[in-house]
Amino acid sequence: MSEPMSPALASANHSSIGARRIIAVGGGKGGVGKSVLSANIAVAFAERGQQVVLIDADLGMANAHTLFSIERPGKGLGAVLDKEVANVSETRVATGVPNLTLIPGTSASPGTANINHGQKQKLLRQIRNIDADLVVIDCGAGAAYNTLDFYALADSRLVVVTPQITSIQNAYGFLKGAVHRVLIQCAGSPARKKHVTEELSKARGVAHLPDVVARIAKTDPELAAAMHSQLQYFGARVVGNYIYEPKEEIIVQTMGRLCRDFLGIRATTLGTIPASKHMHASVNARVPLLNRHGSEPLAVMVRQVAALLANEDVQHVREGRITLPKIREPQAATLGPTRPVVH
Ligand SMILES: Nc1ncnc2c1ncn2[C@@H]1O[C@H](COP(=O)(O)OP(=O)(O)O)[C@@H](O)[C@H]1O
Ligand SMILES: [Mg+2]
């Protein structure tokens, strides 16, 4: 007879009936190519036969629908937040690309970008439960908590950078914010969250996160183990975009070094996408690059990025990330790993 399932594992299994994989695309800076890359990576997975849902989570400046020539996207995330639609899945619209639907980010009413905690939790749960092989979330610009929480939800986290110091700075700030958010969330109980928050703010000048984990290990080894697992399985993947010359790839590589040295996470570079007039043209034609210029070198490179992502072991990441219970229960805290829970 099999062992009874821990509550943690039971919840992990329950959520696996929803999205089999979530990839979030962030980067902090506006205009670096998050939306065009989200859209085209979604197309690349759809071409591979997967059922894909692209979510435009840029609530303030939604425009993913335009990339697919959808003039009136109808009810999107905004309608869910305005309670016009009960479940986010109901807002899926066809994109014209086989296997790919879009959840538009249209704001139904002014101020939709400012959602409250309860609304956000509900939305994040619904996104996790979308029935699809893959959900791609275009997180939008900035590093506001709402944006970071969409990012925190994902199994794989892409960070888009251009080879410019300002882009690297913003992307690093974005990832740092996301790592902090994930470390606080994994702590589970309010007391432990407070502990992590205090230690992170004390360490502001030091900035080497593994040192913070080591300090917490002295008083709360369980919490430190959960934090360590979140750093180990954070799943950041860098995509360099707007590359004019090969030597610029070196600038993109600095992201990986910064992340390793200061945040204690691995952020490998998945690929670098050249600057190309074809990307521009596809945006203006409102047809995804892969559908319009599918054999151009940059389209081939986008597909390569998708192929590398497709080969990753998502289950390993999901099982590796430990989230502690919301209420502190010493026995329950030692139960097996689970998927991240957003509080
Ligand atoms: N590799 C590229 N080559 C040329 N133009 C690009 C490339 N990537 C993005 N762009 C251009 O940059 C613009 C902004 O991209 P977008 O994806 O909207 O940025 P973000 O979502 O990060 O704000 C696009 O409209 C597109 O014309
Ligand atoms: Mg965008």
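Remember, it's a predicted structure, so these values are computed and weren't measured experimentally.

**A word on the site of ligand 1**
The local shell around ligand 1 holds 16 residues, among which Gly 33, Lys 34, Ser 35, Val 36 and Met 279 are the closest. Mapped onto the shell around ligand 1, the elements with two or more residues apiece are helix H2 (34–47), strand S7 (236–243) and helix H11 (277–285). Its residues assigned to classes, the shell around ligand 1 shows 8 nonpolar, 7 polar and 1 charged.

**Some words on the confidence of the model for the chain**
Mean pLDDT over the chain works out to 88, with 88% of the residues at or above the 70 mark. Mean pLDDT per element in the chain: helix H1 (residues 7–15) is the minimum at 37, and helix H9 (residues 221–232) is the maximum at 98. Here residues 1–16 is a poorly scored stretch, pLDDT under 50, and it has 15 contacts once near neighbours within four places are set aside; other chains count.

**Concerning the environment of Ala 86**
Along the chain, Ala 86 turns up in the loop between helix H3 (77–81) and strand S3 (93–94). Residue Ala 86 is classed as exposed on the basis of its C-beta count, with 11 C-beta atoms lying within 10 Å. When the C-alpha atoms of Ala 86 and Leu 123 are compared, they prove to be 10.0 Å apart, with 37 residues separating the residues in sequence.

**A short note on the sheet that holds S3**
Across the sheet, 8 strands lie side by side as S3-S4-S2-S5-S1-S6-S7-S8; this open sheet has mixed pairing. The open sheet terminates on both sides in strands that have one partner only, identified here as S3 and strand S8 (267–274). Judged from the 4 bridges that link them, strand S2 (residues 52–56) and strand S4 (residues 100–103) form a sheet pairing that is parallel. Looking at S4, one finds that Val 53 is bridged to Thr 101.

**So, helix H8 (residues 209–217)**
Of all the positions in H8, only Leu 209, Val 212, Val 213 and Ile 216 are classed as buried. Viewed along the axis of H8, the buried residues span an arc of 100°, placing them on a single side of the element. Contacts made by the buried residues of H8 are with helix H6 (165–186), helix H7 (190–202), H9 and helix H10 (249–263).

**Observations concerning unusual backbone geometry**
One non-glycine residue, Ser 69, lies in the positive phi region at around 60°. Position of Ser 69 among the secondary structure elements: in the loop between S2 and H3. Although it is not a glycine, Lys 83 sits at a positive phi angle of roughly 65°. On the secondary structure map, Lys 83 appears in the loop between H3 and S3.

**Observations regarding the packing of H6 against H9**
Running from N to C, H6 and H9 point in directions that differ by 145°, and their axes come no closer than 9 Å. When you trace H6 past H9, the crossing you get is right-handed. Here Val 182, Leu 183 and Cys 186 of H6 come into contact with H9, specifically with Ala 226, Met 227 and Gln 230.

**Quick look at the packing of H6 against H7**
In contact at an axis separation of 7 Å, H6 and H7 are set at 150° when each is read in the N-to-C sense. Taken together, the axes of H6 and H7 are roughly antiparallel relative to one another. Crossing handedness for the pair H6 and H7: right-handed. Residues His 180, Leu 183 and Ile 184 of H6 lie in contact with H7, whose contacting residues are Lys 193, Val 196, Thr 197 and Leu 200. Residues of the contact of H6 with H7, tallied by class, amount to 4 nonpolar, 2 polar and 1 charged.

**Quick look at the pairing of strand S5 (residues 134–138)**
The side chains of a regular strand alternate between both faces of the sheet. Buried residues dominate S5, accounting for 5 of its 5 residues. By the alternation rule, side chains of S5 split into Leu 134, Val 136 and Asp 138 and Val 135 and Ile 137, which are all buried.

About the criteria used
Residues numbered from 1 in each chain as written. Chains lettered and ligands numbered in written order. Predicted model: local features only at pLDDT ≥ 70, side-chain atom pairs only at ≥ 80, totals over all residues. Near = placed C-beta within 6 Å. Helix = DSSP H or I, 4+ residues; strand = E, 2+ residues; numbered from the N terminus. Nonpolar A, V, L, I, M, F, W, Y, C, P; charged D, E, K, R; others polar. pLDDT = per-residue confidence, 0-100. Contact = placed C-beta atoms within 7 Å. Buried ≥ 20, exposed ≤ 12 C-beta atoms within 10 Å, placed from the backbone. Pairing = 2+ DSSP bridges. Arc of directions from axis to C-beta. Axes fitted to C-alpha atoms, helices over the stretch in contact; angles between N-to-C directions. Left-handed = near helix turned anticlockwise from the far one by under 90°. Parallel < 35°, antiparallel > 145°, perpendicular 65-115°, else oblique.

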